[in-house]
Amino acid sequence: MTGLRGIVLGSVATKLVEKLSFLPIILAGKKPPGNRILLAFDGSEGSWRAIDFVGQTLAGFDFEVNLFNAIRGKENNQPEIHRLYSPVKYREFTRKEMTAELTSARKKLVDLGFKPH
């Protein structure tokens, strides 16, 4: 919400921004938006929904999408979340897995209408 500081919204718009955490919200105003999007992607169902949303909403316009994934290096003793924290022995596996996922996500964006570059 810090990016919204200084923007005057009506009561309905304010309530939407405060309460809707389960779907994307686009605020349109007079200032034209930039044409670059940084899209965090981890291969989860939610990140695939973000790919679909961005592709269906912005493809065909002059937008550049950069897909981003961070491989965390913190050691953690909980085996059920090794996909979130990747110690050295899991990094190569995670890198290969995410490279394949990112390639699929890129292909989906191109299929939805983004330029390949």
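Residues numbered from 1 in each chain as written. Predicted model: local features only at pLDDT ≥ 70, side-chain atom pairs only at ≥ 80, totals over all residues. Heavy atoms only, no water.

**Student:** What am I meant to see in the overall build of the chain here?
**Tutor:** When helices and strands are tallied, the chain shows 3 helices and 2 strands. Sequence-ordered secondary structure for the chain, helices as α and strands as β, is α-β-α-β-α. Across the 117 residues in the chain, those meeting the buried criterion constitute 17%. Looking at the chain alone, contacts between residues at least 24 apart form 62% of all its contacts between residues at least 6 apart. Carbon and sulfur atoms form 56% of the exposed surface of the chain, whose accessible area is close to 9200 Å². (Helix = DSSP H or I, 4+ residues; strand = E, 2+ residues; numbered from the N terminus. Buried < 20%, exposed > 50% of the residue type's maximum accessible area, 1.4 Å probe, protein only. Contact = heavy atoms within 4.5 Å. Areas by Shrake-Rupley, 256 points an atom, 1.4 Å probe, with all protein chains shown as cover.)

**Student:** Would you mind going over the side chain of S47 with me for this structure?
**Tutor:** Looking at the element boundaries, S47 is found in helix α2 (residues 45-58). One polar contact links S47 to D42, side chain to side chain, over a distance of 3.1 Å. If near-sequence neighbours (up to four positions away) are discounted, S47 is found in contact with A40, F41 and D42. (Polar contact = N/O pair within 3.5 Å; in protein donor to acceptor, adjacent residues only side chain to side chain.)

**Student:** For this particular structure, what's the right way to read the pairing of strand β1 (residues 36-40)?
**Tutor:** Successive residues of a regular strand alternate their side chains across the two faces of the sheet. Of the two faces of β1, only one is covered, namely that formed by I37 and L39; the face formed by R36, L38 and A40 stays uncovered. Looking at chain direction, β1 and strand β2 (residues 64-68) are connected through 5 bridges and run parallel. Each bridged residue has a counterpart across the sheet, and for L38 the counterpart in β2 is N66. In the classification by handedness, the crossover that spans β1, the intervening α2 and the parallel β2 is right-handed. (Pairing = 2+ DSSP bridges. Right-handed = clockwise from strand over helix to strand, strands pointing away.)

**Student:** Is there a simple way to think about the pattern of salt bridges in this case?
**Tutor:** Any two side chains of opposite charge can pair, so long as their charged atoms come close to each other. With the rule as written, the count across this model stands at 3 salt bridges. Here K108 and D52 are joined by a salt bridge, their closest N and O atoms 2.9 Å apart. On the criterion of sequence distance, the pair formed by K108 in helix α3 (residues 88-112) and D52 in helix α2 is long-range, its members being 56 residues apart. For K108, a relative accessible area of 31% corresponds to the partly exposed category. On the basis of relative accessibility, which here comes to 23%, the residue D52 falls in the partly exposed class. (Salt bridge = Lys/Arg side-chain N within 4 Å of Asp/Glu carboxyl O.)

**Student:** Honestly, the environment of H117 in this entry has me stumped. Any pointers?
**Tutor:** Relative to the assigned elements, H117 resides in the segment after α3. We classify H117 as exposed; its relative accessible area is 81%.

**Student:** Is there a simple way to explain the nonpolar core in this structure?
**Tutor:** Side chains of nonpolar character tend, in soluble globular proteins, to be buried together. Counting 12 residues, the largest nonpolar core is built from I37, L39, F41, I51, V54, L58, A59, V65, M98, A105, L109 and F114. Not counting the four nearest positions on each side in its chain, V65 is found in contact with I37, L39, V54, L109 and F114. (Core = buried A, V, L, I, M, F, W, Y, C linked by side-chain atoms within 4.5 Å.)

**Student:** Looking at this structure, I do not really get the packing of aromatic side chains. What am I missing?
**Tutor:** Taken as a whole and assessed by the stated rule, the structure comprises 1 aromatic pair. On the numbers, 5.1 Å between centres and 90° between planes, the contact of F41 with W48 is edge-to-face. Residue class for F41 comes out buried when judged on its relative accessible area of 3%. (Phe/Tyr/Trp six-rings, centres within 6.5 Å; stacked < 30°, edge-to-face > 60°.)

**Student:** Looking at this structure, how should I read the environment of F41?
**Tutor:** Position of F41 relative to the elements: it lies in the loop between β1 and α2. In this structure the C-alpha to C-alpha distance between F41 and N69, which are 28 residues apart in sequence, comes to 5.5 Å. In contact with F41, not counting residues within four places along its chain, are S47, W48, I51, F68, N69, M98, E101, L102 and A105.

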